[in-house]
Structures are given as C-alpha cells and as structure tokens.
Amino acid sequence: MTARFLALALALVAVPAADGAAQTGQTAPHLRPGRPSITVGGVVSGGYPIGEAAADLRQNVPGTTSPPPFTLFRTSTEMNRAPGVEARVAWPLSASVAVEVGGAFSRPGLTVSIDGDAESPAVTLDDSRLEQYVIDAAVVWQLSRLAIGPHARPYLSVGGGYLRQLYDDRTRVETGQLFHVGAGVRYWLRGGQGLGRGLGLRGEVRYHVRREGVEFAGQSRRYPAAALSLFVGL
Amino acid sequence: MQVLLTACLLVVAAAHLTATTYLPASFNQIVAESSTIVYGRVAGVRAAWSDDRRTIDSFVTVQAVDYLKGARGATLLFRVPGGQVGDRVMVIPGVPSFREGDLVVVFLKGATPAIPHPVGLAQGVFRVIPDPRSGTPLVVPPPIVARGGTARIGRGDPARGPVPFTAFAAEVRGFVEGAR
Amino acid sequence: MSRRPLVLALAAMLALGSPSPAAAYLKFGARVGETVVDVKWTAASLPYFITERGVPGVDAFQFRDVVARAFATWTAAEAETPSFAFQGFTVAAPLSSDGRSTLGFLDRPDLDRVLGATVFLLDGNTGAILESDIFFNTRFTWSVAPGGEPGRVDLESVATHEIGHLLGLGHSALGETEVVGDGRRVIASGAVMFPIAFSAGSISDRVLQPDDVAGLLQLYPAPGAVTRLGGVRGRVTRAGRGLFGVHVAAFNPTTGVIIGGFTLGDDGEFVIAGLEPGPYILRAEPLDDADVEGFFSERTVDIDFGVTYAPRLVVAPAGGTSAPVEIQVRPR
C-alpha cells in the first residue's frame, strides 16, 4: 500500500513536469498571496485494520492466581474504504506557500470477523457505520520550479487535525488526531488567465497517520487517501 | 436505566436462583451414585422446621410414572434443604426447588428408612417438558455422558438438543445394566 | 397485617458500575406481594461469627484469616459494599437459624459434591435478610497454603465464591467444561461466580474477574457508576418468538473483557449493564452444558439452537443503553 502510494505521488509530482512549460512556452500560474481560494470535492480513504482481540477466559490450572488464558473466540476488525466529501479554504502566504484549513465527512464501515470459536463457524458481522468528521490545517508548498504545461503545477502538503467518529446510533463518540502528508496537482482551467482564471481542478494523494479514534488495539494506523476537487480563487 | 431495571425484575419473578460451589459429575457418575431414579410428577411440597427448629427442609412428594432404578412405590418422598414455614424463608441457593405439577426425573441417594435426597443437588434433577409439536416428553437439557477420553462439551452442539424421555430412559437403563 | 407470600426469585443483574469491565448476570430477588426486591444487605456493617471448628490442615484461626481475606477481596472492589466485622468464634454451626451470620465447617454428607453453600434466612413479609450462613463441607480436604496444594480444595477460592452469594450475587455462566474419563471438569471460566469449582489445587478464584465486579456494582453501585457506565440490550428470537434462559456474552474488543447476561422472560429480552462504554460483540448460546438448576429453577430454559452472534456490533453509551439488537437463532 505504501509503495503504491509513493509511486502515485511521484507520478503526480514528477512525471507531468516532463511535458511542462518547455513544450508550450507558457508558464502555469502561481499562488496569489492574500487571495484565498476555496476547494470542494470528494475523497476516498483506504481501508485499514483497527485491531485483533481474543475473548479469553481463565484456564483451570492449579497453583497460580494468573493462569494462562483459554480463548473462546478471536476477532479482527477492519475500517473499510470509504468515500467522503471535503472542503478547504487556502490562504496563500507567498507565490508558493499557502496555509489551508478544511473539513471532511465520510461514513466508513466497520467489518468484524470472528473465528477460532469451537462452538460456532467463522462469521463476519454486518458492517457497522460510523460518521466521521475531520477538521484539519495544512501547509501547501506549490513547486514553483515545476510546471505541467501552461495550466498545472504540482504541490506538496503536510497537515494534521482533529478526528471525531460517531457510531451509527450516535450514542458513542471517539475522538483522535489525524496527520497527513500529500502530493497533488492544481490545474487551472483557464490557465490562470481572464474570466474564471481562479477556477481549477485539484487532485491529491495523501498518506494518513491516525491516532486514537475508533481503535481496538491502541495503535496508530496508517492509510492512503485520494481526493479530487474543484477550486476557485477569490 | 431505572425503568429497565424495574422491568427486568418483574419479568423474572417466577424463577428460583441457585448458589453453591460444587464438583461436577458426569451422567455416568450420577447414575452410579443413585439408589433410586424416578420419573414422575410433583404431587406436593411441604416445608418444616427441624426438630431443634434450627433449619427448614422441604419434603417433595412425587407421583411416580416410571422408575429407572430402584423402584419404591406409587409415590415417593424426598428431601431438599430449605423452604418456607410461616414468615421465615430459608434458602440454600443451589438446591433445586419444586412446584406441584412439575414433571421431573430425580436421581436420589439414601437408603430406606432415610428420606432420600437428590444426588449432587441440582445435578440430580432433570426437567421434562412436552415437545411443542408432538407432545412427546423431552428432557432438557440432555445429560452429559462420558464416553471415555477427553471431550469438550460444546454449547450449541447439534448432538446436544432436548432428548426424548424414551431415549433418556434407555441411556439410564443401559448404565444401570452395565453396572451389574 | 396479613402474611404475604415470598418467593425467591431470579433477577437480572443490571450491573451499573465497574471500573474495569463488568458483568450483568443473576442476582437474588424476593417477591413480596406484587413486587420483587433485591436480596441484599442494607446495613453499612455486617457482623459475622466463625464456627470454632477446624479440619485436618485448617484450624479455626486459619479459617478466620482466610475468610477475612476473601471478604477483603470483595470490599476492595469499587463498590459500596457493606463492611464485614468479625465478632468472634462460636460453637454454633453454620446453617442453623440463630439470628447470627456464621461461617464454618460442617459435615453434610447428604450434600455430596457440594464444597460449600450459602444459606439465607429471609423475612417473608419484607424480603429482608435476617441472617446468612456459609458452610464448607468437611467431606472434602481443604488447604490454606499460599500457593495451594495438589489434591486439596483451596478454602479461599471457595470462600470468595460463597461470599459473592452472601452479598446477593447469583451464578455466572461464563465457563467451559469437558468430560474426562468418567468425570467432568472445568476447562476455563470468566467469573469467580461460575458455579463449578476448578480442580483441587487451583487458587485462581481468589481473584475477582470483571464479571464479578460488575455484578457487585449492580447491587452496591459506586458513586458515579450509573452515569459513567453503559449497557447493551436486545432480544433473542427463534422464528420470531422470544427465548427464555439464553446466555448472552458481551465481548468488548477494545478491552478484551467478557460480561455475561441472560434472557429472563418469554419475550427473549436481555439487558447487560455495567459495561465500559464502547463497542461490543454479542454471542448467544444455549445453557445445554450446564446443570441448569444451578442457574434457573422451576423453569425450563430453551436450548434448541446453536451458538449465534448478534448481526452487528452493539455500542454501549455512557449512562445509557444501546439501541436494541435482535439475535435470531435457528434450531439445531
């Protein structure tokens, strides 16, 4: 998963640069300091495991108050791949650096698999849905020396934020932190010229590190995500 | 939460609760330790103080339908500790309780003239209910029979459903005959 | 005042509290007229006596010390339990109605296979406990050795179980058994209050399990437990009809804790409370390997189904119960 992510990131950042400005003679737009932009789009987050557990009983072993466990059954749980929506506001600080704040919403499912039960065949439970909200901030570095033709420029981003997950009956909330690094491309539909010059598309892949939240083993989790958005400069 | 608690208390008001620590017996052992095994209907339950008025015992009369071991007559009396006399209730949790009309198989220990008692308390009592579809008497739950070696007693095992009384009785008689 | 019938009843242990994961199992209830009351101690302090009698390997003083440790095990749990006050030795035997709560050895050959038992004398008009005795059967060989002794029953383990009863707890069904040769043994259990004793020499039931603590907190809730802990609820059905006496185990995959409960009515409904908030996997199973009379009497439980998991995770919220879940089981 990580290798695929890196390959995609390199493709986004490096490969398009080969047919960049040199072929067209034009220069792709830079960020415009002090002029914010708004981005709205969709994101797909990859799935990842959130923990294995054993339902243990106390074994009948003489001579100890802490006998070894007897496992009644085992479980493993996955957070499933899930689509979502996100919106971001960017504030360019210079021609190549901007800060962004944003939010995202998705409804990932949890899949629980049970096995190792001598009294029942292995089963997979129905998915349980979560409502997941993310509020984060990021720094975006647009790579000024790289251009992808007259319309596009790659960028890198790094950020982190607050994660809030609600189980489907909204009776239980888990919170955590989400960090990410990413790479993407902005494509100005009008090449940054004339009417609608601030309008464009933005594609990005990210690598997330999630701490806490819905987590059954107390570990940090890593997973990829890909986003495709429409942005408009103000 | 309080509403739920109240509701739950009310719905369970008819059952008794048991509470001893005991050594488990296999069905084979229960049969072997029994002097009398009776299948019948509870005809009455009477509680009384002991002669020194320190303990209460309940005396259960069973109208015998069949004896699987050690026949004693048309009716049989056995004793279990605890019961209610007047406004005093002595409860020894773990001791099975009986109501008039209960259909039971009881594995009893104690030679005449002593009043017998169930082997291993609750372990020596099996309830019999009619099959909802056919009316055939069923023993619930089935006995835990040792057949040599080591085997986990799995809950929900397809082979361990309610057992027709006829099969249960045949199993008992097989052990009794085998012991002779 | 006319005498009203009192019937010992079974009640759901809607455990409301436990610092670590908890349990919801059976407790004692007494029907007084049209209401059911918990059989529990209401006084802040419970005086008790020790029978002045020893057995080979255990004298009365050792017995006193072991019982004190077993009481302390329960009072150390986070719950508002009464304190227990040793009043002295007595020549009176347990199981006798004398107005005193007495613990001691007693020769009861008729109660064969019973290591120990707890006896309540109740007021039939109010359900109040008048006294409660615990006896330990002299038919067995007992041990008070710190590490246990092969072939001897650990007195402290059995005392801990029986004191759980004395406090008002019933049995937990969290346990697995097997047949070995001509006999039976426990493979493992998830509660000190599992009714079948571990093998002689075992000392592990000196230590409470989460299921035990949950039960205790139901009867003697600690401050704040009601709002801090949660529960799950649902219904076990077969072909649309509720089942009575189904054992339901709630497993928290985050903490690894298992808490047991039962369906306690013909509607098949269950509530397992006293849970740490979070997700739970529910497993319904028939009590077909148990001496059912050790859990329910005067009623026949339904065992005609296989082990079945709830179709989805169930979430226990803090201070409340989950949305109901239906566990549909099938005949064997």
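Residues numbered from 1 in each chain as written. Chains lettered and ligands numbered in written order. Predicted model: local features only at pLDDT ≥ 70, side-chain atom pairs only at ≥ 80, totals over all residues. Heavy atoms only, no water.

(A) Seen up close, the packing of aromatic side chains. This model, assessed by the stated rule, comprises 25 aromatic pairs over all chains. On the numbers, 5.8 Å between centres and 85° between planes, the contact of B:F27 with B:F126 is edge-to-face. Within this pair, whereas B:F27 is found in helix 2 (residues 27-33), its partner B:F126 is found in strand 9 (residues 125-130), the two being separated by 99 residues in sequence. Residue classification places B:F126 among the buried residues on the basis of a relative accessible area of 9%. Ring centres 6.1 Å apart and planes at 55° place the aromatic pair C:F105 and C:W142 in the tilted group. Note that C:F105 is positioned in strand 6 (residues 102-106) and C:W142 in strand 9 (residues 142-143), a separation of 37 residues in sequence. Overall, the relative accessible area of 0% leaves C:W142 in the buried class. Within the aromatic cluster, the residues linked to one another by ring pairs are B:F27, B:Y39, B:F107, B:F126, B:F165, B:F168 and B:F175. Looking at A:R186, its charged tip hangs above the ring of A:F231, at a distance of 5.3 Å from the centre. The aromatic ring of C:F49 is capped on one face by C:R100, whose charged end is 4.0 Å from the ring centroid. (Phe/Tyr/Trp six-rings, centres within 6.5 Å; stacked < 30°, edge-to-face > 60°. Helix = DSSP H or I, 4+ residues; strand = E, 2+ residues; numbered from the N terminus. Buried < 20%, exposed > 50% of the residue type's maximum accessible area, 1.4 Å probe, protein only. Lys NZ or Arg CZ within 6 Å of the ring centre and 35° of its normal.)

(B) Region of interest: the packing of helix 1 (residues 60-75) of chain C against helix 2 (residues 155-166) of chain C. Residue and element names in this part refer to chain C. The contact between helix 1 and helix 2 brings their axes to 9 Å, and the two run at 50°. One element, helix 1, and the other, helix 2, form an angle in the oblique class. Judged by the sense of rotation from one axis to the other, the crossing of helix 1 with helix 2 is right-handed. Seen from helix 1, the contacting residues are F63, V66, V67, R69, A70, F71, T73 and W74; seen from helix 2, they are L155, E156, A159, T160, I163, G164 and L166. Looking at side-chain class alone, the contact of helix 1 with helix 2 contains 10 nonpolar, three polar and two charged residues. (Axes fitted to C-alpha atoms, helices over the stretch in contact; angles between N-to-C directions. Parallel < 35°, antiparallel > 145°, perpendicular 65-115°, else oblique. Left-handed = near helix turned anticlockwise from the far one by under 90°. Contact = heavy atoms within 4.5 Å. Nonpolar A, V, L, I, M, F, W, Y, C, P; charged D, E, K, R; others polar.)

(C) The pairing of strand 11 (residues 199-212) of chain A, seen in detail. Pairing of strand 10 (residues 173-188) of chain A with strand 11 of chain A involves 13 bridges; the strand directions are antiparallel. Following the sheet pairing, A:V181 is matched in strand 11 of chain A by A:Y207. (Pairing = 2+ DSSP bridges.)

(D) Summary view of the interface of chain A and chain B. Contact with chain A, which involves four residues of that partner, is made by four residues of chain B. Here chain A packs against chain B, burying approximately 330 Å² in sum over the two surfaces, 42% of which is carbon and sulfur. A per-residue breakdown of the area chain A buries against chain B is headed by A:F70, A:A118 and A:E119, which together make up 91% of the total. Counting across the interface, chain A meets chain B through one salt bridge. Between A:E119 and B:R152 there is a salt bridge; the shortest N-O distance is 3.6 Å. Where chain A packs against chain B, one counts one residue pair in polar contact (both at pLDDT 80 or more). When its residues are assigned to classes, the side of chain A that touches chain B shows three nonpolar, no polar and one charged. (Buried area = accessible area lost by both parts, 1.4 Å probe. Salt bridge = Lys/Arg side-chain N within 4 Å of Asp/Glu carboxyl O. Polar contact = N/O pair within 3.5 Å; in protein donor to acceptor, adjacent residues only side chain to side chain.)

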